[in-house]
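Residues per chain, in single letters:
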Amino acid sequence: MRVREVVNRIGAVLTALLCAALAVSPASAEDGYDLWLRYAPLEPSRAEQVREVTGPVAIRGEADGTVGAALDELERGLGRMLGDDRGRKSITLTRIADLSDGEGWLADSLVGAPEGSFAIAADPHAGTVIVAREDIGLLYGAFALLRHLASDRPLPEMARTYRPAMPLRLLNHWDNPDGHVERGYAGRSIFDWWHLPEKLDPEMIDYARANASIGINGAVVNNVNASPLFLTKRYLPKLKRLADAWRPYGVRLYISARFSAPKDIGGLDTADPLDPAVRAWWRDKADEIYAQIPDFGGFLVKANSEGQPGPQDYGRTHADGANMLAAAIGDRGTVIWRAFVYSAEDETDRAKQAYEEFVPLDGQFANNVIVQVKNGAIDFQPREPFHPIFGAMPNTRLMLEAQITREYLGQASGIAYLAPMWSEVLDAQTGRAGTVAHVIAPVGMAGVANTGSDRNWTGTHFDQANWYAFGRLAWDPSLSPQQIAREWAAQTFSRDETFLGKVVPMMLGSREAVADYMTPLGLAHQMATGHHYGPGPWVCDLARPEWNPCYYHAADSEGIGFDRTAYGSDALAQYAPEIARQWADPATMDERYLLWFHHLEWDHRMQDGRTLWDAMIARYDAGVAEVDAMAQTWAQLAPYVDPARHRAVSESLAIQQREARWWRDASIAYWRSLNGLPLPDGVRVPEHDLDYYRSLEFPEAPGK
Ligand code: BDP
């Protein structure tokens, strides 16, 4: 037994004694900390099947940090799932370089496979073999094997090759040095900058394990509204400590860089990207970082957007700014430049701004620059058509930015499983360039993290599913939201078929419910000012037009919706003609995007013959009904879930039931104040009058 194992065993015995002493049942110890890596004991018949193909774990060749992590994880996972009897065969980890002559067939499937790929093979004699070219592939293979066992999938399906669809699979943390998380709803930051580098919280290792388990291979550790502190000498040892801790798990560290840093902390009087002193400052800074962190990922930059500094402050372009940083980094890393911009002048249609600023720069970015584009052209709304940039910059490396934290989707209330939303975007056809997934395949995906200091990491238990789903989709965008929900729920809660048969459909419908009760039929940005919590469709008087919900719904006594056709802003023209055509005609288009593209009269006839007004109300009601159904379903699932987590989810759903009604009632009350239309027969009257909803204030709402 290795020393580490002995220590683990002693730890387990002590924990058991402690539980006994406190008379706590193991069930009540379920607090969500273990995420999907709980490794609950397998049912006896399943355990017997597994023992036929597994057994003691061995590595052929050297065990370095990454392989050590793989071995530890297999020990932990198999120990919890199978107990002491691991099986009659073995699990062997082997690098391609360590295969013997007769095992060439094991290497064949990995020829030309991207970094991180691995194969799991069933060897009739030896048991199970995990093969990879790089050590990180062995770690991913260990996690894949454990996932397969823990989610009750048929064992023969396990033996195949696994390849990541895209090289970069990153989390973006919007965490500030003082521990506040912008748009964070799960407590404070998980990063304790104040006490680093000496103190490394054990959570930092569990965080890396969780990421590695789903293939996430990089983390931008600070807010895009970046503090220059992260570029100071004082922070370098802190960053280095994290990077060292995460290296075995294949998680590369990146930081958000404040473009004005040469002025803020460098003593220069300009940050002009073409100024030689500025260029030298960034080169020295990059050298300083790489001397400490040789595999530093690079810089993420939000420039000239929402008041952040950038190259336009000096009359330069985004390409000038990005290429200057790219030259400083060289081939050691990457500059990820965000396309989320507000140009100060263009007020015709905010949805057009990023395209107008970036598409003319196609082909001008250096090879180690990536342009990171949000899934939609506005801002992480419950539903947006895919961002037109994805179909329009064939000579630029494009990366998709999704938001895992639910800034505009109810924050930390209830359930909104986001895989269906992301799949909708990934599967969207952009035109000649193919689907969005195809466009970003050479580059990657970034997800704005939902982690925080809450014991369960993500505020609600079900928000763990969004972290999980993001990683799984970035690894393989062709995975169905259904499969991801199933494997997550099986690992996180219960493998029972009755449980899964109810919880998976509930998850799959949850995001549509949110879109329905907040912003049905293609409406967007109706959230209250600043914190984006709750409805605010009546807000019309903020300084800039596009800060106001009124700007986005354009409703009056006659009709509602943002005209993005040729008669309006013509944002439709930013899409390839064959794509634009699919949204051009309300009579034939997918009505879920109706009011995103069209301004229509309240009595416009929908495709099923109802009026727009009746159809909108039906959608609000469907959203509320869906949340009620989710709460009922969950109530029936108590026998399958430990009491603490069951209660926490029930309470969270109760909040969502209240919020869904509030959204529906406030919105309908406001629309009626404009259109004066009666409610269709049998429809519930909003609980309060409009003045009541308008009077609600939440200055202390989190995440601002
Ligand atoms: C918006 C958020 C804001 C972010 C911004 C961004 O409200 O907090 O700073 O996006 O992505 O969604 O830069």
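Criteria and thresholds
Residues numbered from 1 in each chain as written. Predicted model: local features only at pLDDT ≥ 70, side-chain atom pairs only at ≥ 80, totals over all residues. Heavy atoms only, no water. Patch = residues over 30% accessible without salt bridge, like charges linked within 9 Å, V, L, I, M, F, W, Y side chains within 5 Å. Areas by Shrake-Rupley, 256 points an atom, 1.4 Å probe, with all protein chains shown as cover. Salt bridge = Lys/Arg side-chain N within 4 Å of Asp/Glu carboxyl O. Lys, Arg positive; Asp, Glu negative; His and termini not counted. Charge placed at Lys NZ, Arg CZ, Asp CG, Glu CD. Helix = DSSP H or I, 4+ residues; strand = E, 2+ residues; numbered from the N terminus. Buried < 20%, exposed > 50% of the residue type's maximum accessible area, 1.4 Å probe, protein only. Polar contact = N/O pair within 3.5 Å; in protein donor to acceptor, adjacent residues only side chain to side chain. Contact = heavy atoms within 4.5 Å. Pairing = 2+ DSSP bridges. Axes fitted to C-alpha atoms, helices over the stretch in contact; angles between N-to-C directions. Domains from an automatic or database assignment. Buried area = accessible area lost by both parts, 1.4 Å probe. Expected span 1.5 Å × (residues − 1). Near = heavy atom within 4 Å. Nonpolar A, V, L, I, M, F, W, Y, C, P; charged D, E, K, R; others polar.

Chemist: Whenever I open this one, a negative patch on the surface confuses me. Can you help?
Modeler: Negative charge collects at one region of the surface, where Asp556, Glu558, Glu601 and Asp603 lie side by side. Relative to the elements of secondary structure, Asp603 occurs in the loop between β15 (600–601) and α20 (612–636).

Chemist: Looking at this model, I keep getting lost on the side chain of His173. Mind explaining?
Modeler: Along the chain, the position of His173 falls in the loop between β6 (168–172) and α6 (203–213). For His173, a relative accessible area of 1% puts it in the buried group. Only 2.6 Å separates the side chain of His173 from the side chain of Tyr207, close enough to count as a polar contact. For His173, the contacting residues outside a window of four places in its chain are Ile190, Phe191, Tyr207, Ala219, Val220, Val221, Asn222, Asn223, Ala449 and Thr451.

Chemist: Sorry if this is basic, but what is going on with the sheet that holds strand β1 (residues 57–60) here?
Modeler: Strand pairing in a sheet takes place through backbone hydrogen bonds and is either antiparallel or parallel in direction. The strand order across the open sheet built from five strands is β1-β2-β4-β3-β5, with neighbouring strands paired in mixed fashion. With partners counted over all chains shown, the strands left at the sheet margins are β1 and β5 (160–162), one partner each. Within the sheet, the average angular offset between the axes of one strand and its neighbour, ignoring direction, is 20 degrees. Two strands pair when backbone bridges link them, and strand β2 (residues 90–95) and strand β4 (residues 127–132) are joined in this way by six bridges, in the parallel orientation. Residue pairing in the sheet places Leu93 in a bridge with Ile130 of β4.

Chemist: What exactly am I supposed to notice about the domain arrangement of the protein here?
Modeler: Many authors give the size of an interface as the accessible area that is lost as the parts come together. Examined at the domain level, the protein breaks down into domain 1 (6–162), domain 2 (168–492) and domain 3 (517–695). A separation of 46 Å is found between the C-alpha centroids of domain 1 and domain 3. Between domain 1 and domain 3, the contact holds four residues from the first and four residues from the second. For the pair domain 1 and domain 3, the summed buried area comes to about 320 Å², and 60% of that belongs to carbon and sulfur atoms. On inspection of domain 1 and its partner domain 3, the count reaches one salt bridge. Arg645 serves as the salt-bridge partner of Glu30, at 3.4 Å between the closest nitrogen and oxygen.

Chemist: Explain helix α3 (residues 65–82) here, please?
Modeler: Helical geometry: 3.6 residues make up each α-helical turn, so side chains three or four residues apart lie on a common side. Across its 18 residues, α3 extends 25 Å between first and last C-alpha, which sits within 8% of the 26 Å expected from 1.5 Å per residue. Within α3, 15 of the 18 residues are buried, which leaves the element mostly enclosed by the surrounding structure. Among the residues of α3, the N-terminal cap falls to Asp64, whose side-chain oxygen and the backbone nitrogen of Thr66 are separated by 3.2 Å.

Chemist: How do you make sense of the site of the ligand when you look at a structure like this?
Modeler: Taken together, 14 residues form the shell around the ligand, and within it Glu182, Lys302, Arg338, Asp379 and Glu407 come nearest. In the environment of the ligand, an oxygen atom lies 2.4 Å from a nitrogen or oxygen atom belonging to the side chain of Glu182. A distance of 2.6 Å separates an oxygen atom of the ligand from a polar atom in the side chain of Asp379. Calculation on the ligand without its partners gives an accessible area of 310 Å², and the protein chains cover 97% of this total. Of the residues assigned to the shell around the ligand, the class counts are four nonpolar, two polar and eight charged.

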